[in-house]
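# Descriptive analysis of the structure
Listed here are the chains, written in short residue letters.
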Amino acid sequence: MLLIRCPVCGVKGEEGDFHAGGQAHVRRPATSDPVNITDEQHRDYLFLRHNPKGLHFERWRCDRGCGKWFHAARDTVTLDFKAYYKIDELPPVELMRQATGYWAEHFAPHLKATKAKKPVAKRNARVRS
Ligand SMILES: [Zn+2]
């Protein structure tokens, strides 16, 4: 039995109170140039999903509460949920760093962007006394 918590409305429940929506963060190919999508790219987008052993990122819908879709990071070996986050958010940085294989490649650009956004220490920062 999986115990799940909706990050939108906070409802907690068993997996029957939620709807599993498969892999999270599926990228649609070339939305800016749909005419030039190859058959293989379209096939991969529609049908190919990853099923790793270990840390995985999934979509779930809150059937008993708000009805919204959200993301969850779950270990497929222990079945433990590591984090829940809203559908338009990325997983916590520490989970993106722990990701391996497909997920490590998927989150690499996001981690680079996160590093770039880190605030730089101010030279003349005043120290509180
Ligand atoms: Zn909810």
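The preceding data block contains the structure.
### Overview of the sheet that holds strand β3 (residues 18–23)
Think of a sheet as strands paired side by side through backbone hydrogen bonds, with each pair either parallel or antiparallel. The strand order across the open sheet built from four strands is β3-β4-β5-β6, with neighbouring strands paired in antiparallel fashion. The open sheet is flanked by β3 and β6 (81–86), the only strands paired with a single partner. Averaged over all pairs of adjacent strands, the angle between strand axes in this sheet comes to 30°, irrespective of strand direction. Bridging between strand β4 (residues 55–62) and strand β5 (residues 69–75) involves seven bridges; their strand directions are antiparallel. Paired with H56 across the bridge in β5 is R74.

### What to know about the pairing of β5
A large share of β5 lies buried, amounting to five of its seven residues. The antiparallel pairing of β4 with β5 creates a hairpin that spans six residues between the two strands, and G67 there sits at a positive phi of about 80°. Pairing between β5 and β6: five bridges, direction antiparallel. For A73, the partnering residue across the bridge sits in β6 and is A83. Connecting β5 to the next strand, β6, in antiparallel fashion are five residues, including L79 with a positive phi near 70°.

### Let's talk about the environment of F18
Note on placement: F18 falls in strand β3. We classify F18 as buried; it has 21 C-beta atoms within 10 Å. For the pair formed by F18 and C62, sequence separation is 44 residues and the distance between their alpha carbons is 4.9 Å.

### Some details on the nonpolar core
Membership of the largest hydrophobic core comes to 16 residues, with the highest contact counts inside it found for W60, F70, A72, A99 and W103. Listing elements by their share of this core, those giving two or more residues are β4, β5 and α3 (101–117). The biggest single contributor to this core is β4, with four residues. Sequence-distant contacts of A72, that is, excluding residues within four places in its chain, are made with E58, W60, F81, A83 and Y84.

### A few points about the environment of T78
With respect to the helices and strands, T78 occurs in the loop between β5 and β6. Assessed through the 9 C-beta atoms surrounding it within 10 Å, T78 is described here as exposed. For the pair T78 and L55, spaced 23 residues apart in sequence, the C-alpha to C-alpha distance is 9.6 Å.

### Digging into unusual backbone geometry
A negative phi angle characterises most non-glycine residues, just as the trans form characterises most peptide bonds. For H25, which is not glycine, the phi dihedral falls at a positive 55°. Here H25 lies in the loop between β3 and α1 (39–47). Classification of H25 as partly exposed rests on a count of 14 C-beta atoms within 10 Å. With a phi angle near 70°, L79 is a residue other than glycine that sits in the positive phi range. Its place among the elements puts L79 in the loop between β5 and β6.

About the cut-offs
Residues numbered from 1 in each chain as written. Predicted model: local features only at pLDDT ≥ 70, side-chain atom pairs only at ≥ 80, totals over all residues. Pairing = 2+ DSSP bridges. Helix = DSSP H or I, 4+ residues; strand = E, 2+ residues; numbered from the N terminus. Axes fitted to C-alpha atoms, helices over the stretch in contact; angles between N-to-C directions. Buried ≥ 20, exposed ≤ 12 C-beta atoms within 10 Å, placed from the backbone. Core = buried A, V, L, I, M, F, W, Y, C linked by C-beta atoms within 7 Å. Contact = placed C-beta atoms within 7 Å.

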